[in-house]
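# Residue-level structure breakdown
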Amino acid sequence: QVQLVESGGGLVQPGGSLRLSCAASGNIFSPNTMGWSRQAPGKERELVATITSGGTTTYADSVKGRFTISRDNARDTVYLQMNSLKPEDTAVYYCNIRFRMAGVQNDYWGQGTQVTVSS
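Residues numbered from 1 in each chain as written. Predicted model: local features only at pLDDT ≥ 70, side-chain atom pairs only at ≥ 80, totals over all residues. Heavy atoms only, no water.

As a further point, take the state of the cysteines. Per the stated rule, a full pass over the model turns up one disulfide. Disulfide pairing places Cys 22 opposite Cys 95 at an S-S distance of 1.8 Å. Separated by 73 residues along the polypeptide, Cys 22 in strand 3 (residues 18-26) and Cys 95 in strand 9 (residues 91-101) bring together distant segments of the chain. (Disulfide = S-S within 2.5 Å. Helix = DSSP H or I, 4+ residues; strand = E, 2+ residues; numbered from the N terminus.)

See the structure below:
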């Protein structure tokens, strides 16, 4: 089993910044991909950013240039630096880790952390 614990959410004004962290523990296999998704009320979950063990990143168009994903492989921790936040970034943010074990894809998710952008 793998556990993911997110932290760093909160209330921020438009234009502000927040940094989310997510620490993974348990039976983690490498290589793996860690990422962040978000879900706003009444909307489907949206993939925000991903990063592989080797450091390759992807971003949703809606956050390119504002958000930066990074990771510390020694600590199995992924970060999401969010700058120039907008009200439409308000959502519950979830981290996840994906890897293959014995040919089977494994996906694990955290419990989510609330980000609210409001004046």
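Bringing the environment of Met 101 into the picture now. The topology assignment puts Met 101 in strand 9. With 43 residues separating them in the primary sequence, Met 101 and Thr 58 have C-alpha atoms 23 Å apart. Excluding anything up to four places from it in sequence, Met 101 contacts Phe 29 and Asn 106. (Contact = heavy atoms within 4.5 Å.)

Pro 31 follows Ser 30 through a cis peptide bond whose omega is 5 degrees. Mapped onto the fold, Pro 31 is located in the loop between strand 3 and strand 4 (33-39). We note that Asp 76 has phi near 50 degrees; this positive angle belongs to a residue other than glycine. Structurally, Asp 76 is set in the loop between strand 7 (67-72) and strand 8 (77-82). Of note, the phi angle at Ser 84 is positive, near 50 degrees, even though the residue is not glycine. Secondary-structure assignment places Ser 84 in the loop between strand 8 and strand 9. We classify Ser 84 as partly exposed; its relative accessible area is 42%. (Buried < 20%, exposed > 50% of the residue type's maximum accessible area, 1.4 Å probe, protein only.)

The next point concerns the sheet that holds strand 3. Sheet architecture is open: four strands sit in the order 1-3-8-7, paired in antiparallel fashion. Where the open sheet ends on each side, the last strands, each with one partner, are strand 1 (2-7) and strand 7. Sheet twist, expressed as the mean angle between neighbouring strand axes with direction ignored, is 15 degrees. Looking at chain direction, strand 1 and strand 3 are connected through six bridges and run antiparallel. When the sheet's bridge partners are listed, Ser 7 is paired in strand 3 with Ser 21. (Pairing = 2+ DSSP bridges. Axes fitted to C-alpha atoms, helices over the stretch in contact; angles between N-to-C directions.)

On to the packing of aromatic side chains, then. Aromatic ring pairs are described here by two measures, namely the spacing of the ring centres and the angle between the planes. Tallying each qualifying case throughout the model produces two aromatic pairs. Geometrically, the ring pair formed by Phe 29 and Phe 99 is stacked, given 5.7 Å between the ring centres and 25 degrees between the ring planes. Taken together, the residues Phe 29 in the loop between strand 3 and strand 4 and Phe 99 in strand 9 connect sequence positions 70 residues apart. Owing to a relative accessible area of 35%, Phe 29 belongs among the partly exposed residues under this scheme. Aromatic pair Phe 99 and Tyr 108: ring centres 6.1 Å apart, planes at 25 degrees, arrangement stacked. Taken together through their ring pairs, the aromatic side chains of Phe 29, Phe 99 and Tyr 108 make up a single cluster. When the ring centre of Tyr 79 is taken as origin, the NZ or CZ atom of Arg 19, which lies over that ring, is 4.1 Å away. Over the ring of Tyr 94 we find Arg 45; its NZ or CZ atom is 3.9 Å from the centre of that ring. (Phe/Tyr/Trp six-rings, centres within 6.5 Å; stacked < 30°, edge-to-face > 60°. Lys NZ or Arg CZ within 6 Å of the ring centre and 35° of its normal.)

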